[in-house]
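Given next are the chains, with one letter for each unit.
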Amino acid sequence: MKAIVWTKYGSPDVLQLKDVEKPVPKDNEVLIKVFATSVTIGDIKIRKADPILVRFYFGLLRPTRTNILGFEISGEIEAVGKDVKLFKKGDQVFASTYTGFIFGGYAEYKCLPEDGVLAMKPANMTYEEAAGGVASGALTALLSLRNMGNIQSGQKVLINGASGSVGTAAVQIAKYYGAEVTGVCSTTNLEMVKSLGADKVIDYTKEDFTKSGELYDFIFDAVIKLSKSKCRKALTPNGIYGRAGDLGKEKLSAENLIFLKELIEAGKLKMAIDRIYPLEQTAEAHRYVEKGHKKGNVVIIVGHNGKT
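Along each chain, numbering runs from 1 in the same order as the chain's sequence is written. Selection of residues for local features in this predicted model requires a pLDDT of at least 70, selection of side-chain atom pairs for listing and counting requires 80 or more, and totals for whole chains, interfaces and linings are taken over all residues. Working from all heavy atoms in the structure, the side-chain values ignore hydrogens and water.

J.: Outline the packing of helix α4 (residues 134-149) against helix α8 (residues 254-265), supporting the account with residue identities and numerical values.
T.: Working convention: axes come from line fits to C-alpha atoms, limited for helices to the stretch in contact. Angles between N-to-C directions cover 0 to 180 degrees. Only DSSP runs of H or I covering at least 4 residues are called helices, and only runs of E covering at least 2 are called strands; the numbering of each starts at the N terminus. Following both chains from N to C, one finds α4 and α8 inclined at 105°, their axes separated by 10 Å at the closest point. Taken together, the axis directions place α4 and α8 in an arrangement best described as roughly perpendicular. Residues Val134, Ala135, Ala138, Leu139, Leu142, Leu143 and Arg146 of α4 form the contact with α8, whose participating residues are Asn256, Leu257, Phe259, Leu260 and Ile264. Amino acids are sorted into nonpolar (Ala, Val, Leu, Ile, Met, Phe, Trp, Tyr, Cys and Pro), charged (Asp, Glu, Lys and Arg) and polar (every other residue, Gly among them). When grouped by side-chain class, the residues that make up the contact of α4 with α8 number ten nonpolar, one polar and one charged. Here the angle decides the label: under 35 degrees means roughly parallel, over 145 means roughly antiparallel, 65 to 115 means roughly perpendicular, and every other value means oblique. A contact between two residues is defined here by any heavy atoms of the two lying within 4.5 Å.

J.: Explain the packing of aromatic side chains to me, using residue names and the numbers behind them.
T.: Both the distance between ring centres and the angle between the ring planes are used here to describe each pair of aromatic rings. Aromatic rings from Phe, Tyr and Trp, taking only the six-membered ring of Trp, are treated as a pair when their centres fall within 6.5 Å; an angle between ring planes under 30 degrees marks them as stacked, one over 60 as edge-to-face, and anything in between as tilted. Within this structure, the stated rule accounts for ten aromatic pairs. Residues Trp6 and Tyr9 carry aromatic rings whose centres are separated by 5.8 Å and whose planes lie at 70° to one another, so their mutual orientation is edge-to-face. The structure contains a cluster of three or more aromatic residues connected by ring pairs, namely Trp6, Tyr9, Phe58, Phe71, Tyr98 and Phe103. Put simply, a charge is over a ring when the Lys NZ or the Arg CZ is close to the ring centre, within 6 Å, and near the line of the ring normal, within 35 degrees. Just above the ring of Tyr109 sits the side chain of Lys22; from NZ or CZ to the centre is 4.2 Å. Cation over ring: Arg275 sits above Tyr288, and NZ or CZ is 3.7 Å from the ring centre.

J.: So what's going on with helix α1 (residues 41-48)? Residues and values would help.
T.: Accessibility here uses a 1.4 Å probe with only protein chains present; expressed as a share of the type maximum, an area under 20% marks a residue as buried, one over 50% as exposed, and anything in between as partly exposed. Listed in full, the buried residues belonging to α1 are Asp43, Ile44, Ile46 and Arg47. Tucked inside the fold, the buried residues of α1 contact β1 (2-6), β2 (15-19), β3 (29-39), α2 (54-58) and α9 (282-290). One or two steps after α1, the chain reaches Ala49, where phi turns positive at roughly 60°.

J.: Provide a residue-level description of the packing of α1 against α9, including the pertinent values.
T.: Viewed as axis vectors pointing N to C, α1 and α9 meet at an angle of 105°, and their least axial separation amounts to 10 Å. Taken together, the axis directions place α1 and α9 in an arrangement best described as roughly perpendicular. In contact with Ile41, Asp43, Ile44, Arg47 and Lys48 of α1, α9 contributes His286, Val289 and Glu290. Its residues assigned to classes, the contact of α1 with α9 shows three nonpolar, one polar and four charged.

J.: Describe a nonpolar patch on the surface, with residues and values.
T.: Excluding any residue in a salt bridge, patches collect residues exceeding 30% relative accessible area, merging like charges within 9 Å and nonpolar Val, Leu, Ile, Met, Phe, Trp and Tyr side chains within 5 Å. Computed with the Shrake-Rupley method and a 1.4 Å probe, the accessible areas treat only the protein chains shown as cover for residues. Salt-bridge detection follows one rule: a side-chain nitrogen of Lys or Arg within 4 Å of a carboxyl oxygen of Asp or Glu. Among the surface-exposed residues, Leu53, Phe56, Tyr57, Leu60 and Leu61 lie close enough to one another that they form a single nonpolar patch of about 600 Å² accessible area. When you line up the elements, Leu53 lands in the loop between α1 and α2. A residue is classified by how much of its surface remains accessible, and Leu53, at 46% relative accessible area, is partly exposed.

J.: A description of the sheet that holds strand β9 (residues 180-185) should follow, citing residues and the corresponding values.
T.: One bridge is not enough; two strands pair if DSSP finds at least two bridges between them. Sheet architecture is open: five strands sit in the order β10-β9-β8-β11-β12, paired in parallel fashion. At either end of the open sheet lies a strand with only one pairing partner, and these are β10 (200-203) and β12 (235-243). Going across the sheet, the axis of each strand differs from the next one's by a mean of 20°, ignoring polarity. In terms of strand pairing, β9 meets β10 through four bridges, oriented parallel. For Cys185, the partnering residue across the bridge sits in β10 and is Asp203.

J.: If you had to explain the pairing of strand β14 (residues 297-301) to someone new, which residues and values would you point to?
T.: With four of five residues buried, β14 lies mostly within the body of the structure. Of the pairings in the sheet, the one linking β3 to β14 comprises four bridges and is antiparallel in character. Paired with Thr37 across the two strands is Ile300, which belongs to β14. Pairing analysis gives five bridges linking strand β13 (residues 273-278) to β14, with the strands arranged parallel. By the bridge assignment for β14, Pro278 is matched with Ile301. Viewed with both strands pointing away, a crossover whose connecting path from the first strand over the helix to the second turns clockwise is right-handed. Assessed by its sense of winding, the connection that carries the chain from β13 through α9 to β14 is right-handed.

J.: I'd love a proper account of the side chain of Asn160, names of residues and values included.
T.: Turning to its location among the elements, Asn160 is positioned in strand β8 (residues 156-160). Taking relative accessible area as the criterion, Asn160 reaches 9% and is therefore assigned buried. Side-chain atoms alone can form a polar contact between residues adjacent in sequence; in general such a contact is a pair of N or O atoms within 3.5 Å, and within protein one must be able to donate a hydrogen while the other accepts it. Within the local environment of Asn160, its side chain forms a polar contact with the side chain of Asp221, the two groups lying 3.0 Å apart. Discounting chain neighbours no more than four positions away, the residues touching Asn160 are Val184, Phe209, Phe220, Asp221, Ala222, Val223 and Leu226.

In structure tokens:
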């Protein structure tokens, strides 16, 4: 099969399209024919080994745990192991590929355990949309908001970085829980964030929300660029500051992915797709995401007869 292989840390040029061995599912695994995947900030950080702590998880001198990045996929099940009960050949699925620091979304095939973070694809989504942030940004937003925010109807919530993968999902999920949502983003993204349901938007290039005098019950930093001390003066007395990835006891699970699927099918959550690249242009997609100005999610079409 074809895959984007990563054998050393560095610039997007380290991502190379190569032929590698097609995986074979174990007894408890499904083999997924991958139609689409995405490029996330997490992919960028791991590829670059930035922060340096990445090397302690993936290999000090070069990546040794995995040589194929890609946090999420959508596709069709091609084969199942003999013990698999939940899925069958032909099922249209989407999933998080994260299994113990091993990813593998940038490839034509991927094996995952049937009890992994895997579910049937939302009926009202294309494969590109299903791989465009649901099992990465939206799942992170959901678990972070649940763990840190304990959001209640009527609370005032501010989302910093409201135009990225995590932020666009966080705006919609907070609205689903009944919050009054303020989104912070750049000038060019104000209308998009409004269209996702934000009650108010703040252009960070023109206004510092911590100096406005407005107080919030929960400030969620979706891009991890603020400090708790800076945000404290914009919080109510019992207000909470949280960052993307602060999952606490929450865990990635199929149940949470299915919850997001149900929101999508009910029209309560949609994925913002900025750009779509073919697999062979994954390095170019990384360059674009690394600039830090993407709107929502960047998707990679892996192939297989152009299915959508």
